[in-house]
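# Structural overview for review
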Amino acid sequence: MEQLQRLLSTDFFNIRWSELVSGLRSLTIISFADVVDILLVAYIIYRLMKLLKDTSAERLVKGIIVLAAAFLLTTALQLSTISFILRAVFTYAPFFLVIVFQPELRRLLEQVGKGNLSRLFSSAGDPDMVQEAIDATVSACADMSRTRTGALIVFEHRERLGEIVATGTKVDAVATPELIKNIFFKNSPLHDGAMIMREGRVHAAGCVLPLSGSQNLSRDLGTRHRAAVGMSETSDSVLVVVSEETGAISVAIGGMLKRHLSAEVLQKVLEAELIDDAKLEKSRLAALRNIWKGGAGK
């Protein structure tokens, strides 16, 4: 009874209210430097996640997150044996991580040593470079359509295609109509595979894509078209196909195939799918840089 009277007393509520107000005031005392610090850390984590997404290490990171969640759960449920095993795993985890992520760490340290950190923190693609790659692709596809030269071009979007790139030959060159047509020339050793466009550059060629298992595709579609649909089903990439039999230009997006496109329509489709997102991410990066400059000026 005394405890109930104490809870209902005015002094008790006044004290708790004062504690709540003081706690809220302490949360609102955040300097501009703290905001910049939080934004920079969040952006660094985001870029590192994208760096790992380009490799098979992404699955390993997911596995580590699952193990960490399991450890917290077993600890909360007081499952001593499983908690002991997971604790032992995390004790030696840093040594395992160095071995498992050795290629990624080496690449990161090489960029640091060269002073070329811009590639780590750069946007997904410069809109101007992406536009130039689109123009080169449309021009090349128009010529290859007239000569009935088969082609399969993959534009990376947000999802990286590291495993697909590993099946081909790395090129890393400026996208030009001449280069694209030379890659898909019938006597070229890379003409049978797919070409990967990354950040407005020809990143790789001769790559192998997964075929679509959909039963709704037309029977007159060849391997290139089925590979384009299959890749678009498993990623957010935009794929361009030139038929070797008919010279028709097609685009595969999200498991859907748009056939018999003109060069003008191809240009509009690629710009709508690729340029808008590149401009948006570039504007976000510019805003972050302005915040950093404003903080540094103070």
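First things first, this report covers the structure right here in the doc. (Residues numbered from 1 in each chain as written. Predicted model: local features only at pLDDT ≥ 70, side-chain atom pairs only at ≥ 80, totals over all residues. Heavy atoms only, no water.)

## A few points about the environment of leucine 270
- Within the secondary structure, leucine 270 sits in helix α13 (residues 263-297).
- With a relative accessible area of 0%, leucine 270 lands in the buried category.
- Sequence separation between leucine 270 and isoleucine 134 is 136 residues, and the spatial gap between their C-alpha atoms is 6.7 Å.
- With residues near it in sequence (within four places) discarded, leucine 270 still touches Ile134, Val138, Phe155, Val238, Val240 and Ile275. (Helix = DSSP H or I, 4+ residues; strand = E, 2+ residues; numbered from the N terminus. Buried < 20%, exposed > 50% of the residue type's maximum accessible area, 1.4 Å probe, protein only. Contact = heavy atoms within 4.5 Å.)

## Details of the pairing of strand β1 (residues 151-155)
- Of all five residues making up β1, five are buried, and the element is well covered by its neighbours.
- Here β1 shows no split at all, with Ala151, Ile153 and Phe155 on one side and Leu152 and Val154 on the other all buried.
- Here β1 pairs with strand β5 (residues 238-242) via five bridges, running antiparallel. In the sheet register, leucine 152 faces β5, and the bridge partner there is valine 241.
- Across three bridges, the pairing between β1 and strand β3 (residues 194-198) is parallel. Along β3, the bridge assignment pairs phenylalanine 155 with methionine 197. (Pairing = 2+ DSSP bridges.)

## Observations concerning helix α9 (residues 127-147)
- In a regular helix each residue adds 1.5 Å, so 21 residues correspond to 30 Å; α9 covers 30 Å between its end C-alpha atoms and thus fits that length.
- Taken together, the buried positions of α9 are occupied by Pro127, Val130, Ala133, Ile134, Ala136, Thr137, Val138, Ala140, Cys141, Ala142 and Met144.
- Arginine 148 sits one or two residues past α9 and shows a positive phi near 55 degrees. (Expected span 1.5 Å × (residues − 1).)

## A word on the environment of leucine 179
- Summarising the element assignment, leucine 179 is placed in helix α11 (residues 177-183).
- Judged by its relative accessible area of 23%, leucine 179 falls in the partly exposed class.
- Spatially, the C-alpha atom of leucine 179 lies 8.8 Å from that of valine 202, the residues being 23 residues apart in sequence.
- The contact partners of leucine 179, leaving out residues within four places of it in the chain, are Ala173, Val174 and Val202.

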